Amino acid sequence: MSATHATTGVPVWIITVVHVLFVLFFLSLVFWPNCTLPYVVWVPFLLSVVWVVFDGCPLTRIDPALDDQVFMQVLARPFVGNVSNNTMAALTISTLLLVTAVVGIRMHFKWPY
């Protein structure tokens, strides 16, 4: 039997799967067709606003025992090894900015995909 959150009853594995799917969705934005780019370019901005409003990821607010940085460290460990919370926060922000920049550049120059 999988662990569930005491207040909401949401299984913890569902929160993890949704996190992973969102990360994959976000990273895939740079490969979307040009016709979707005017809409896709707002996703990183909206993500930032949601994080400010909820003071972190709303998915992890469902279960306060989860820690955003720890989750991202587990996802990034195969690629960057063990890193500190500050380094992971910097990598997360850098990825957010890189995806936004690539989508913006593709929109400006109308690079095909």
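Rules of the game
- Residues numbered from 1 in each chain as written.
- Predicted model: local features only at pLDDT ≥ 70, side-chain atom pairs only at ≥ 80, totals over all residues.
- Heavy atoms only, no water.
- pLDDT = per-residue confidence, 0-100.
- Helix = DSSP H or I, 4+ residues; strand = E, 2+ residues; numbered from the N terminus.
- 1 Å grid on protein atoms, 1.4 Å probe; cavity = no way out; pocket = protein on both sides within 12 Å on 5 of 7 lines; lining within 4 Å.
- Points joined across faces, edges and corners; volume = space filled by probe spheres on them.
- Nonpolar A, V, L, I, M, F, W, Y, C, P; charged D, E, K, R; others polar.
- Buried < 20%, exposed > 50% of the residue type's maximum accessible area, 1.4 Å probe, protein only.
- Polar contact = N/O pair within 3.5 Å; in protein donor to acceptor, adjacent residues only side chain to side chain.

Moving on, we come to the confidence of the model for the protein chain. When pLDDT is averaged across the protein chain, the result is 78; 82% of the residues are at 70 or more. Per-element mean pLDDT across the protein chain ranges from 72 in helix α4 (residues 58-62) up to 84 in helix α6 (residues 85-109).

It is worth spelling out the layout of surface pockets at this point. Empty space among the atoms becomes apparent when a probe as large as a water molecule is rolled across them. There is about 870 Å³ of room inside the largest pocket. Looking at the largest pocket, it is lined by 31 residues, and the ones nearest its centre are V23, F26, M72, T92 and T95. Counted by class, the lining of the largest pocket contains 25 nonpolar, five polar and one charged residues.

Here we take up the side chain of R106. Secondary-structure assignment places R106 in helix α6. Owing to a relative accessible area of 3%, R106 belongs among the buried residues under this scheme. Of note is the side chain of R106, whose polar atom sits 2.9 Å from the backbone oxygen of W32.

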